[in-house]
Each structure stands twice: as C-alpha cells, then as structure tokens.
Amino acid sequence: MTTDAIDSAQTPRHEEGTNYINAEYGLLSWLFTIDHKRIAILYMISVTALFFVGGIFALLLRLELMTPQGDLFTSDTYNKLFTLHGVVMIFFFLIPAVPSVLGNFILPLQLGARDLAFPKINLLSWYLYVIGALMGVVVMLLGGVDTGWTFYTPFSTTYSNTWVVPTVLAGFIAGFSSILTGLNFIVTIHKMRAPGLTWFRLPLMVWALYGTSLIQLLATPVLGIALLLIAVERLWQVGIFNPALGGDPILFQHLFWFYSHPAVYIMILPAMGVISEVIACFSRRKIFGYKFVAFSSLAIAFLGFLIWAHHLFVAGISVYSAMIFSFLTMFVAVPSAIKTFNWTSTLYKGSVSYEAPMLYALGFIGMFLIGGLTGLFLATLGIDIHVHDTYFVVAHFHYVMVGSVIMAYFAGIHYWWPKMTGRMYPEWWARLAALLVFVGFNLTFFPQFLLGYLGMPRRYHAYVPEFQVLNVMSTAGATILGAGYLLPLIYFVWALKYAPRASANPWGASGLEWHTPSPPTTHNFEDTPTVTWEAYDEKAWLKEAEKNV
Amino acid sequence: MSEHADTAHPALRHHFDDLNQQHAAGTLGMWFFLVTEILFFGPLFFTYALFRSGSLDPSFQNAFIAASHHQNITLGLTNTIVLIASSLTVALGVYFAQTNKKKPLVLMLVLTLLCGVAFLVIKGIEYNQHFAHHLFPGQGFHWDGAPELARGGQMFYILYFCMTGLHAFHMVIGIGIFIYILMRAMRNDFSSDYYVPIEVSGLYWHFVDIVWIFLFPMLYLIDPASKH
Ligand SMILES: [Cu+2]
C-alpha cells in the first residue's frame, strides 16, 4: 500500500494518450533518451540496418556460388565477402538482436519495473554498439578484411594484409556493449522485480535472458582480450600466437571459442525465451514443466562453457581431451531437448491458434530440431573429422543461428509489435512472410547438408561441377528467403501508420507487459503491480484485472 | 515511517522505489562487473601460465626466470606498498563517509589519488628503464643473455607489458573515478545514508589492487635468489 501512495505522489498521472513515443519529440530526444523502450527502438533500427548489410554480402556469396567456376569475384574478394558477412551478422546482428532489442523493451515490463537498473549504462551500450558498427562500415569502405569471422592466427596476425586491426577493435567495442547489456539485465532481474513476482513466477523469457546475461558477462571479456592480443601482435610484430616466433596458434583458438561457442547461446537462449512466451500464449496453456524449462536455460548457460574445444578436434588437441569435449557437447543436447519436449507437450491439448508469431515459433521448433540434431552428428568425433570445414558445418550452424534465432526474433517482433508501437500488423502478409522464410530457409540450407556430406569444402569461391545442382537450389532458396526477410520490413513500416490500433492485451496473454497500455507510458506502469498469480496463469490474471477495473 | 525519508532523498533515481533498492542494485552491479573483469584479465594469466610452464617450449621456463632478473624489485615492491596503502585509505574513506566526517573523508580521497598517481609515476620510471635496456618487445628488442633464451625472454616482456599495461589502464580509470568522487565529496553529496558511490568505487579500486598483488610475484619474484 505504501508503494502505491508514494508512486502516485512521485510521478504525476499521465494524460490520456501520452506514451513513451509521443512523450517527447525530435531526434535529440531519441539520441539522449534513457528510457529502455526508446533504446530498444534505437537498437531495432540499427540492427535491422546491419542485418540488411550482412544480407547483401550473403546474397553476393550465393550469386557467386551459382556456377562452379569463380566468375563474379576473385578468390580474394570472395574471402572478404564471407568474412564481412560473418562479422556483421554475428557481432552486429545475432548477438544484440534478441537481448538488446526485445529484451531491452520487454524485460522491465515483464518485471513490473520502471526501467532497467542502470538506464545511462543502457544508452552507453547502444553508443558502443554504434561505434563498433561504424568502425565495421569504415573497414568495408577501406577495402574489407579477409580472415574469416574467426580471425584464426597466425594468418590474421602475420600474413593477412587487410584491415584486421580496426575490425578486431570494432568487435572489442561491440563486445563491451554486450557486456553492459548483460550486466544491466542481471541486476535488474535480481533487484527490480515487482512485489510478489518471485523467481518461479517469472516469465520464461526472463529466465532465458538471465542465462544469456551470465554468458555475456563471463565469455565476452575473453574474446575481448583475444582480439586485443591480435592487435598487439600485428602492431608490434611479436609472436603470442605465431609459432614462427615461439607463440601458440592453438591458444588463440581456445580463447576465441571459449567465447564463441557460448556466444551461440547468447543468440539461441533468449530466442528460446521468446518461443516459450509465444507458445504459452497461442496454445492458451501454462507451459508444461515450467521449472524444467527455467532451469534448462541455466543448464545450457553452464554447459555452454565446457564444450568450446569441439571446434578444435582437428586442430591438434589430444585425443583424450577431444573425447571429453565430444561427450560434454552431446550432454548439452539434454537441456535443449527438455525445452523442445516441453514446448511440444504444451501444444498437446492446448487450444492452438496460428497467428504469425505462432507460425514463426512452430517454424523455430522445426529448424531447431534439425540444427540441434545435426549438432550431435558434429559432436561425434568420427563424423566431425569427415565433415570438418565442409558445408555440413555451415548448414548446421545456420540452422541454429539463423534459421532458429531469426525465426524467434521475428516471432518476438510480431508478438510484441502491438506493445511496442500501439498498432497491429497485417496478419495475412505476416503469415505469408513466415511461410516464405520457412520455405526459403530450408531450401537454402538443407542442400548444404548434402553438399557437405559429399565433401564440398566451405570458404571457396569455386567448386567441382557435380555440386552445381544443389548450389543452384541453395541460391534459389536464398532468394525466397531474402524476399521473406524484406516483406516484414515493408508491412511493419506500413503498419506504423495504417494498421488498426492495438488494445493493451490484443493476444489475451499473461505477463505483466500486457498489464499496461499499448504503447506504455514512459514509466511503464501507473502503479507498480503486485503479482499474485503463477506464470502463464491468465485466468487468475483476468480475475485480477477485473478487480482492478 | 522510516522508509519515507529514503523515498524523498535527492539522490534517488526515478526508477527505484527507495534508496535501499538503489544501493543494492549499484553494489550488485559492481560485483558482477568485477566478475567480468576477472575474465578480462583471466586469459592473460592463462597465457602466462601456458608459456611459463614450458609445456610448449621447455626453454621458456628458464627464459622467464632470466627475464625477470631484469625487473627492478625495489620499484615493484614500492608500488605494491603504495597500492596496499591506497586500499587502506579507500576503506577508511568509506568509513568516514558512513560516519558523516567530511574532512577526514576528503583527506582519505586525496591520499588515495596521490597513491594512484605515485604508482603510475613509478610504473612510468620502470617502463622507461625497460625501453632504455631495449626490453620492449618487437623489432627493437635486444636480449643480452643466452641466445637460446631470447624468444622466451621476449615472450615474458610481451606478457609483462600487456598485463601491467592493462593494469595501469585500470589505474587511470580508477583515478578518474576518484577525482569525480572527490568532487562530489567536497560538494557534500555524501552522508551516512548515501555513501554507496564511494563504496562501489572502492570495490573497483580494491580489485585493481588485488590484480597487482598477483602480478607482482609473477613478474618480479619468479626466482630472485638465482640472480647473480
Ligand atoms: Cu561450438
């Protein structure tokens, strides 16, 4: 009772129709905002821009691969294209997409908080991201970089004569953006939950973001130092990683993958959180096995740190350590399978409806199943040695990082779009886009499993003629996929102005974010809500809502 | 109501319910940040251990010992004492803030800053000596010991400059933070119910000290008795 009284004394009641978007006007009001919702929008605009930049590189790669001989680009240019595609998509799209856009917007709302714990640090992290991204763009304009997104030494430190130093510094800076976001989320989840919102009443998105943040905090600094050491080695011509000077190239691979394997979970964990929300909402059921899903997020975050050396099976690590890392890698499939099992069990006897977010979520489960199971193939030592550095690996990680994560990102964007903008979106077009993405993606990447199994190596601009049919299929799929990604951009912009207005809770979903108007006011909640119901129990929630009216 | 005073405090940010919540968030945030910092220094310690152990190149074991003989233990020890003293002044500063003693608080903050600057000056003198003796890694590196130890000797100095450089960078940030804290202290911002910024900055400062406590033996005291 005291919080209510204090709250209303402190923050004046907002006039009807005032929200976080129209609270202030002008570019500066956005560039200097410390409102987590506005920062989320800033992130959304910037990651979308970078997504299409990375997408253009992908399209050029697929164009080159239409024919067996290298005809569009020289091999050097091709090297730069796949490097820039990887760097942009991973560091500037996939890592920030779900946490920094959706998490930023939704986390405080789901917690019943007025903002993240450190609003200024939140804005700082966006600026760091932008500085990193701009450095990346400058690298492109200067002529690019050709090391692959993995920056393997000693090529990156000694032999490459492209713009390695600015690229690694861009990654370093973007890394700090990611660390600060994770730090902000963890403290917010610990300290800013609404009264009554105990840990086991939290939406599963929050658990997923918690696991994600832990990884961001614990893994990213290791990459930061590894990247700095590359710069040191290049600038002073010393040999930390260069065997010719007494260094150890495998050391770099250990440091790099100590981050970059868990980084996959920075992408997929929050994506799984989105899927839990969407599945619960559109099957009108509580998530089956809530605690299992919650703890599996933490289990994935933890196990994710113990399996990095599966990227080094052919790099010269000992057979025994390879065996242990192989075993642990398979072990991480357990919590992932628990999640998938619980989502499908939630669907069973649920009253499922197929709005666009749900289509994306179902697509996610399909893609994640393929991506996850082929991960088990790769964890097996013998198979990994056979398909190492082939398109099998490329297909596998695209199924997980692109197929699954972008599906989930789109599921989340559609699901929370009414909350973010106060408008609905055109449902029919959205369903069409979901279908295009699903078909396009599978047509692009399923043939690559076959190509890899047949032995087509990755990162070459030419290949033997036998592989052309599958490559043409892949390029055709990429074209459909491109259309599927472009379509939402068009109808979302349209929807900002012309789509019907959204109510506070258009989906009839549970979760505190639906407890406040669409779009919310700057302070999120007029009165700090008190939570008396379990997660996803929308019947109790509705009763509560009736009492309050 | 005791809480009521908290909710009206000028330092309370709009998104917190009361000062307790704000304090808890700030402190927890710093602890998590320090965890990140451990992982930030961690790879360098790991790299040091890898090369120092000689598991890649057995000659590195002796090379590291030989290289550490070029270190100035007196200056290193002085710096260790300076930093431990500064940790004491920081801790006392927090205590004086908690007990509303402004003048001793300001004094402690000034002493902390002086210690920090002294550390950097001494570090600079050491770096200068290394440059003079051509111990900076790269093209200009010159090794006057046994030639078969030259590679390992250079590796030692790469790690030395990376680790102490990163540490010195943290010191510079820390000095910046404490200048800001000092200005706020002189403005009477702190009192027994609002001192968490000092405590949180102090946590950072202690962390940077502790890093040095590890660096000093690793880089100066590997085997001083074997020097002849
Ligand atoms: Cu991996």
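These numbers come from a predicted model, not from an experiment.

## Looking at the overall build of chain A
For chain A, the helix and strand inventory stands at 18 helices and zero strands. Against the compact-globule benchmark of 24 Å for 549 residues, chain A has a radius of gyration of 23 Å, which places it among compact chains. By its C-alpha atoms, chain A is 70 × 50 × 45 Å across when sized along the principal axes. The buried share of chain A, reckoned over its 549 residues, is 61%. Partitioning the intrachain contacts of chain A with sequence separation of at least 6 by distance along the chain shows that 83% fall at a separation of at least 24.

## Here we look at the overall build of chain B
A count of helical and extended segments in chain B gives seven helices and zero strands. In chain B, the succession of α and β elements from N to C terminus is α-α-α-α-α-α-α. Taken over the C-alpha atoms alone, chain B extends approximately 75 × 30 × 30 Å along its principal axes. Taking as baseline every contact in chain B between residues at least 6 positions apart, the subset at least 24 positions apart corresponds to 77%.

## Topic: the pattern of salt bridges
All names here are of chain A. All told, the structure shown has eight salt bridges over all chains when counted by the stated rule. Close ionic contact of R201 with E534 constitutes a salt bridge, the shortest N to O distance being 3.2 Å. Placement of R201 in the loop between helix 7 (164-191) and helix 8 (204-236) and of E534 in the loop between helix 17 (468-498) and helix 18 (538-548) is noted, with a sequence separation of 333 residues between them. Residue E534 is classed as partly exposed on the basis of its relative accessible area, which comes to 36%. Taking the shortest distance from any N to any O, the salt bridge between R458 and D389 comes out at 3.9 Å. Here the residue R458 occupies a position in the loop between helix 16 (427-454) and helix 17, and D389 occupies one in the loop between helix 14 (381-387) and helix 15 (391-421), the gap between them amounting to 69 residues.

## Here's the deal with the interface of chain B and chain A
The parts lose accessible area when they come together, and the size of an interface is often stated as this lost area. The interface of chain B with chain A comprises 38 residues on the first partner and 41 residues on the second. Both sides together, the interface formed by chain B and chain A hides about 3400 Å², and carbon and sulfur atoms give 74% of it. At the boundary of chain B and chain A, one finds one salt bridge. Across the chain B-chain A interface, the total number found is nine residue pairs in polar contact (both at pLDDT 80 or more). Of all the secondary-structure elements, those providing two or more residues to the side of chain B that touches chain A are helix 1 (2-7), helix 2 (19-52) and helix 6 (150-186) of chain B.

## Quick notes on a nonpolar patch on the surface
Together, A:L63, A:M66, A:L72 and A:V472 line one region of the surface with nonpolar side chains, adding up to about 320 Å² of accessible area. With respect to the element layout, A:V472 can be found in helix 17.

## Regarding the packing of helix 3 (residues 59-68) of chain B against helix 6 of chain B
All names here are of chain B. Two elements in contact, helix 3 and helix 6, have axes separated by 8 Å at closest approach and are oriented at 60°. The orientation of helix 3 relative to helix 6 falls into the category oblique. Between helix 3 and helix 6 lies a crossing of right-handed hand. Each of F60, A63, F64, A67 and S68 in helix 3 lies in contact with helix 6, whose residues at this interface are R151, G152, G153, M155, F156, Y157 and L159.

## Side note on the packing of aromatic side chains
Enumeration according to the criterion identifies 72 aromatic pairs over all chains in this entry. Taken together, a centroid distance of 5.1 Å and an interplanar angle of 35° make the contact between B:Y127 and B:F161 tilted. Taken together, the residues B:Y127 in helix 5 (residues 102-132) and B:F161 in helix 6 connect sequence positions 34 residues apart. Each member of the pair, B:Y127 together with B:F161, is buried. The interplanar angle of 70° and the centroid separation of 4.9 Å between the aromatic rings of B:F136 and B:F161 together place this pair among those described as edge-to-face. Here the residue B:F136 occupies a position in the loop between helix 5 and helix 6, and B:F161 occupies one in helix 6, the gap between them amounting to 25 residues. For B:F136, a relative accessible area of 22% translates into the label partly exposed. One aromatic cluster in this structure is built from A:W236, B:Y48, B:F51, B:F60, B:F64, B:Y127, B:F131, B:F136, B:F156, B:Y157, B:Y160 and B:F161. The side chain of A:R38 reaches across the aromatic face of A:W30, ending 4.1 Å from its centre. A:K291 extends its terminal NZ or CZ atom over the ring of A:F200, reaching a point 4.3 Å from the ring centre.

## Description of the side chain of A:H261
Position of A:H261 among the secondary structure elements: in helix 9 (residues 249-282). If sequence neighbours within four positions are ignored, A:H261 has contacts with A:G304, A:I307, A:W308, A:H310 and A:H311.

## Thoughts on the coordination of the copper ion
Residues and elements named next belong to chain A. Surrounding the copper ion are the protein donor atoms H261 (ND1), H310 (NE2) and H311 (NE2), at 1.8 to 2.0 Å. On the primary sequence, the residues serving as donors to the copper ion are separated as H-x48-H-H. Of this pair, H261 sits in helix 9 while H310 sits in the loop between helix 10 (290-303) and helix 11 (319-331), and the two are 49 residues apart along the sequence. You'll find H261 and H310 in the same group, each marked buried.

## Quick word on helix 5 (residues 119-142) of chain A
The end-to-end C-alpha separation of helix 5 of chain A is 35 Å, in line with the 34 Å expected for 24 residues at 1.5 Å each. Positive phi appears at A:G143, one or two residues downstream of helix 5 of chain A, with a value of about 135°.

## Overview of the packing of helix 15 of chain A against helix 16 of chain A
A packed helix pair is summarised by two numbers, namely the angle formed by the two axes and the spacing between the axes. All names here are of chain A. Running from N to C, helix 15 and helix 16 cross one another at 170°; their axes reach a closest spacing of 8 Å. Between helix 15 and helix 16, the angle falls in the class roughly antiparallel. Residue classes in the contact of helix 15 with helix 16 are distributed as 17 nonpolar, seven polar and no charged.

## Details of the confidence of the model for chain A
For chain A, mean pLDDT is 92; residues scoring 70 or higher make up 95% of the total. Predicted confidence for residues 1-14 of chain A stays below pLDDT 50, and this span has 18 contacts to residues more than four positions away or in other chains.

## Observations concerning the environment of A:L31
Residue and element names in this part refer to chain A. Residue placement: L31 occurs in helix 2 (residues 27-31). Here L31 falls in the partly exposed class, since its relative accessible area comes to 23%. C-alpha separation for the pair L31 and L123, spaced 92 residues apart in sequence, amounts to 8.6 Å.

## Section: the confidence of the model for chain B
Residue and element names in this part refer to chain B. With 96% of its residues at a pLDDT of 70 or more, chain B has an overall mean of 93. For residues 1-5, every residue scores under 50 in pLDDT, and the model assigns this stretch three contacts once sequence neighbours within four places are set aside. Predicted complex, confidence summary: ipTM 0.93, pTM 0.93.

## Comments concerning the environment of A:F172
By the secondary structure assignment, A:F172 is in helix 7. A relative accessible area of 16% places A:F172 in the buried class. Residues A:F172 and A:P465 lie 293 residues apart in sequence; the distance between their C-alpha atoms is 41 Å. The contact partners of A:F172, leaving out residues within four places of it in the chain, are A:G224, A:L227, A:L228 and B:F40.

## A short note on the nonpolar core
The nonpolar side chains of a soluble globular protein tend to be buried, and buried together. Counting residues in hydrophobic clusters, the biggest one holds 266 residues, and the most contacted among them are A:F364 and A:Y409. If sequence neighbours within four positions are ignored, A:F364 has contacts with A:I268, A:A271, A:M272, A:I275, A:W343, A:S404, A:M407 and A:A408.

## What to know about the side chain of B:S201
Residue and element names in this part refer to chain B. Looking at the secondary structure, you find S201 in helix 7 (residues 196-220). Relative accessible area serves as the criterion here: at 7%, S201 is assigned to the buried category. Among all residues touching S201, those that are not within four sequence positions of it are I177, F178 and I181.

## Topic: unusual backbone geometry
Residues and elements named next belong to chain A. A cis amide bond links T153 to the next residue, P154, at an omega of 0°. Mapped onto the fold, P154 is located in the loop between helix 5 and helix 6 (155-159). The residue after S518, namely P519, is reached through a cis peptide bond having omega -10°. Positionally, P519 belongs in the loop between helix 17 and helix 18. At Q237, a residue that is not glycine, the phi angle is positive and equals roughly 50°. Residue position: Q237 is located in the loop between helix 8 and helix 9.

Each value, and the rule that gives it
Residues numbered from 1 in each chain as written. Chains lettered and ligands numbered in written order. Predicted model: local features only at pLDDT ≥ 70, side-chain atom pairs only at ≥ 80, totals over all residues. Heavy atoms only, no water. Helix = DSSP H or I, 4+ residues; strand = E, 2+ residues; numbered from the N terminus. Rg over C-alpha atoms; globule rule 2.2 N^0.38 Å. Buried < 20%, exposed > 50% of the residue type's maximum accessible area, 1.4 Å probe, protein only. Contact = heavy atoms within 4.5 Å. Salt bridge = Lys/Arg side-chain N within 4 Å of Asp/Glu carboxyl O. Buried area = accessible area lost by both parts, 1.4 Å probe. Polar contact = N/O pair within 3.5 Å; in protein donor to acceptor, adjacent residues only side chain to side chain. Patch = residues over 30% accessible without salt bridge, like charges linked within 9 Å, V, L, I, M, F, W, Y side chains within 5 Å. Areas by Shrake-Rupley, 256 points an atom, 1.4 Å probe, with all protein chains shown as cover. Axes fitted to C-alpha atoms, helices over the stretch in contact; angles between N-to-C directions. Parallel < 35°, antiparallel > 145°, perpendicular 65-115°, else oblique. Left-handed = near helix turned anticlockwise from the far one by under 90°. Phe/Tyr/Trp six-rings, centres within 6.5 Å; stacked < 30°, edge-to-face > 60°. Lys NZ or Arg CZ within 6 Å of the ring centre and 35° of its normal. Donors = N, O, S within 2.8 Å, 3.2 Å for Na, K, Ca; no water. Expected span 1.5 Å × (residues − 1). Nonpolar A, V, L, I, M, F, W, Y, C, P; charged D, E, K, R; others polar. pLDDT = per-residue confidence, 0-100. Core = buried A, V, L, I, M, F, W, Y, C linked by side-chain atoms within 4.5 Å.

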